[in-house]
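Coordinate inspection notes
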Amino acid sequence: LKINMTDNCNETFNINDLIQFYDDVEQLAGAHGISNCTYPLGYVKRQAIYSCITCWEKSGSFCGICTACYLTCHNTHDALQLYTKRNFRCDCGNSTNKDVCCSFVPEKDPVNEKNIYGHNFEGKYCYCNEKSNETMEDDMFTCIFCEDWFHEGHITGSYEDGDNELICKGCAAKRPFLAFYIEKYGVMEKTDEDKKSETKVFLRLH
């Protein structure tokens, strides 16, 4: 989801659209809410994160921000909704921002050294490194560990309605105890042959 909340945005919102937008954002934010920056909480185990494209283009560094900072400090910027990320600390107001000072916590470390930034912060997903559903009409599946998303067309196997979570090969390789389950229950997955020839393995969750 890419949203620009500036006055010159091409998309027109009526009051019902705006109410629904804030309801959706607040629901995604969950217990962390939309009224305070999550920076004081440290590297939050799991929280909604937005990638500020405007700050990235200005600073050359990825900038991941919490919901409150997305709505307040970066509300005139282009931003990507990344849904949730694990063990992440809000970047608002640090060295990844050229012109933004966090309205909630003005004093922050220059860099959050433990944050991990993947290609999702560029709006790219899956092994094909393409943007979400912009080149195809596929549903997408998420890895429960790295929380990257994968196009249905780049994985094989049968899925029932409601199945949308996997463990990707990279994350499974870091957890040797999963080897038995992958061998027994895993689904062999492939990316588009024009993109990659490497076979991918996913573990279906039941």
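Residues numbered from 1 in each chain as written. Predicted model: local features only at pLDDT ≥ 70, side-chain atom pairs only at ≥ 80, totals over all residues. Heavy atoms only, no water.

Moving on to the overall build of the chain. Tallying secondary structure elements over the chain gives five helices and 11 strands in all. Taking as baseline every contact in the chain between residues at least 6 positions apart, the subset at least 24 positions apart corresponds to 62%. (Helix = DSSP H or I, 4+ residues; strand = E, 2+ residues; numbered from the N terminus. Contact = heavy atoms within 4.5 Å.)

This paragraph deals with the nonpolar core. In this structure, Cys-37, Ile-65, Cys-69, Cys-90, Cys-92 and Cys-102 are the most contacted members of the largest nonpolar core, which totals 19 residues. In terms of residue count, helix H3 (residues 67–72) provides more of this core than any other element does, four residues in total. Listed in part, the 18 residues of the second largest apolar core include Ile-49, Phe-121, Cys-168 and Leu-178. (Core = buried A, V, L, I, M, F, W, Y, C linked by side-chain atoms within 4.5 Å. Buried < 20%, exposed > 50% of the residue type's maximum accessible area, 1.4 Å probe, protein only.)

Time to look at the packing of aromatic side chains. If you walk through the whole model with that rule in mind, you get nine aromatic pairs. Ring plane angle 5° and centroid distance 3.9 Å describe the contact between Tyr-50 and Tyr-70, whose orientation is recorded as stacked. Of this pair, Tyr-50 sits in strand E2 (residues 44–52) while Tyr-70 sits in helix H3, and the two are 20 residues apart along the sequence. Among the residues examined, Tyr-50 registers a relative accessible area of 1% and is labelled buried. Owing to a relative accessible area of 2%, Tyr-70 belongs among the buried residues under this scheme. Their ring planes at 35° and their centres at 5.9 Å tell us that Phe-62 and Phe-121 sit as a pair that is tilted. (Phe/Tyr/Trp six-rings, centres within 6.5 Å; stacked < 30°, edge-to-face > 60°.)

Another point: the side chain of Asn-97. With respect to the helices, strands and loops of the structure, Asn-97 is situated in the loop between strand E4 (78–88) and strand E5 (124–125). From its side chain, Asn-97 meets the backbone oxygen of Asp-91 in a polar contact 3.3 Å long. The residues contacting Asn-97, other than those within four sequence positions of it, are Cys-55, Cys-63, His-74, Asp-91 and Cys-92. (Polar contact = N/O pair within 3.5 Å; in protein donor to acceptor, adjacent residues only side chain to side chain.)

Turning next to the confidence of the model for the chain. Detail in the predicted coordinates should be disregarded across regions flagged by low pLDDT. When pLDDT is averaged along the chain, the result is 76; 63% of the residues meet or exceed 70. Element-level mean pLDDT values for the chain span from 40 in strand E1 (residues 2–4) up to 97 in strand E3 (residues 64–65). Low pLDDT, under 50, characterises residues 1–10; the predicted model gives this stretch 21 contacts beyond four residues in sequence or across chains. Scored below 50 in pLDDT, residues 190–202 makes 37 contacts in the model with residues more than four places away or belonging to other chains. (pLDDT = per-residue confidence, 0-100.)

Another aspect to go through is the pattern of salt bridges. Scanning all chains against the criterion turns up three salt bridges. Between Glu-147 and Arg-46 there is a salt bridge, with its nearest N and O atoms 2.6 Å apart. Taken together, the residues span a long stretch of sequence, with Glu-147 in the loop between strand E7 (140–143) and strand E8 (149–151) and Arg-46 in strand E2 at a distance of 101 residues. Here Glu-147 falls in the buried class, since its relative accessible area comes to 4%. A salt bridge links Lys-58 to Asp-99, with the shortest nitrogen-to-oxygen separation between them at 2.9 Å. (Salt bridge = Lys/Arg side-chain N within 4 Å of Asp/Glu carboxyl O.)

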